[in-house]
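Each chain, written out:
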Amino acid sequence: MPSLKPTYKRPREKINSFSESTWLSNDKPFFENHHTAVFHDYFPCTEGHKLFVPKENTAHHVGESMKLAYWYGEQRMKEGKIEGFNVGMNVGECAGQTIFWPHIHFIPRHSGDSPHPGGIRHAHPGADHEEKY
């Protein structure tokens, strides 16, 4: 008889469904709806770093998760808890993805929190950061 214990995947292993996702082995979502589960990032780059994880690997579910991440950031700004935020995805190993299921990083920002602010334009080391921006 097969085991009923769920199988969770490790970083860099192919994940075939949300139920195999690495996040479920580490934590429980602090919020979830039909499309998305939201987790505290296990290795946060800032306080408040969250992961918005679609429950299906479809453009619709990823889009709904992105909308929720944006709404969450807007609410935190209205509450005065953050001054700005970055929302983004790493898709593919060459882009820095290590958990191979779509997920959206929400990273709170505050004035002066980085010696080199510049947002997404600084994601690629070969970009011309000085001359154009």
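Residues numbered from 1 in each chain as written. Predicted model: local features only at pLDDT ≥ 70, side-chain atom pairs only at ≥ 80, totals over all residues. Heavy atoms only, no water.

## A few points about a nonpolar patch on the surface
Rule in force here: Without a salt bridge and with relative accessible area above 30%, a residue can belong to a patch; like charges are then joined within 9 Å and nonpolar side chains (Val, Leu, Ile, Met, Phe, Trp, Tyr) within 5 Å. Note on areas: these come from Shrake-Rupley sampling with a 1.4 Å probe, and a residue is covered only by the protein chains present in the view. Should a side-chain nitrogen of Lys or Arg be within 4 Å of a carboxyl oxygen of Asp or Glu, the pair is scored as a salt bridge. Put simply, DSSP H or I for four residues or longer makes a helix, DSSP E for two residues or longer makes a strand, and each gets a number counted from the N terminus.
Where nonpolar side chains cluster on the molecular surface, the patch consists of Met66, Met89 and Val91 and spans about 240 Å² of accessible area. Secondary-structure assignment places Met66 in helix 2 (residues 59-78).

## Here's the deal with the side chain of Ser65
What counts here: Polar contacts here mean pairs of N or O atoms no more than 3.5 Å apart (in protein, one a potential hydrogen donor and the other a potential acceptor; neighbouring residues in sequence count only if both atoms are side-chain atoms). In this analysis, two residues are considered to be in contact whenever any of their non-hydrogen atoms come within 4.5 Å of each other.
With respect to the helices and strands, Ser65 occurs in helix 2. A distance of 2.7 Å separates the side chain of Ser65 from the side chain of Thr36, its partner in a polar contact. When residues no more than four places from it in sequence are discounted, the contact partners of Ser65 are His35, Thr36, Phe52, Val53, Pro54 and Ile104.

## Overview of the layout of surface pockets
Heads up, the rule is: The rule is simple: put a 1 Å grid over the protein atoms alone, call a set of points where a 1.4 Å probe fits but cannot get out a cavity, call an open set with protein on both sides within 12 Å along at least five of seven lines a pocket, and count a residue as lining if it has an atom within 4 Å of a point. Grid points are joined across faces, edges and corners, and a volume is the space filled by probe spheres set on the points. Residues are grouped as follows: Ala, Val, Leu, Ile, Met, Phe, Trp, Tyr, Cys and Pro are nonpolar; Asp, Glu, Lys and Arg are charged; all remaining types, including Gly, are polar.
Its volume calculated, the largest pocket comes out at about 980 Å³. Forming the walls of the largest pocket are 34 residues, and the residues nearest its centre are Asp41, His49, Asn90, His105 and Ile107. Residue assignment for the lining of the largest pocket shows that the elements contributing at least two residues are helix 1 (22-26), strand 2 (36-40), strand 4 (84-88) and strand 5 (104-109). Taken together, the residues of the lining of the largest pocket break down into 14 nonpolar, 16 polar and four charged.

## Describing the pattern of salt bridges
Spelled out, the test is: We call a residue buried when its accessible area falls under 20% of the maximum for its residue type, exposed when it is over 50%, and partly exposed in between, using a 1.4 Å probe and counting protein chains only.
In this structure the tally under the stated criterion is seven salt bridges. Residues Lys9 and Glu20 are paired through a salt bridge, measuring 3.5 Å at the closest nitrogen-oxygen approach. Within this pair, whereas Lys9 is found in the segment before helix 1, its partner Glu20 is found in the segment before helix 1, the two being separated by eleven residues in sequence. When its relative accessible area of 16% is taken as the criterion, Lys9 is described as buried. For Glu20, a relative accessible area of 16% translates into the label buried. Between Arg76 and Glu79 there is a salt bridge, with its nearest N and O atoms 3.4 Å apart. Residue classification places Glu79 among the partly exposed residues on the basis of a relative accessible area of 43%. Each of the salt bridges in this network shares a partner with another, and the network as a whole consists of Arg76, Glu79 and Lys81.

## Observations concerning the sheet that holds strand 4
Condition: Between any two strands, pairing holds if DSSP finds at least two bridges. Only the stretch in contact is used when fitting a helix axis, every axis being a line fitted to C-alpha atoms; angles between N-to-C directions are given from 0 to 180 degrees.
If you walk across this open sheet you meet the five strands as 1-2-3-5-4, and the pairing is antiparallel. Edge positions in the sheet fall to strand 1 (31-32) and strand 4, since each has one partner strand and no second. As judged from the five bridges shared by strand 4 and strand 5, these two strands associate in the antiparallel manner. Directly across from Gly84, in strand 5, lies its bridge partner Arg109. Contacting strand 1, strand 2, strand 3 (50-54), strand 4 and strand 5, helix 2 crosses the sheet at an angle of about 155° to strand 3.

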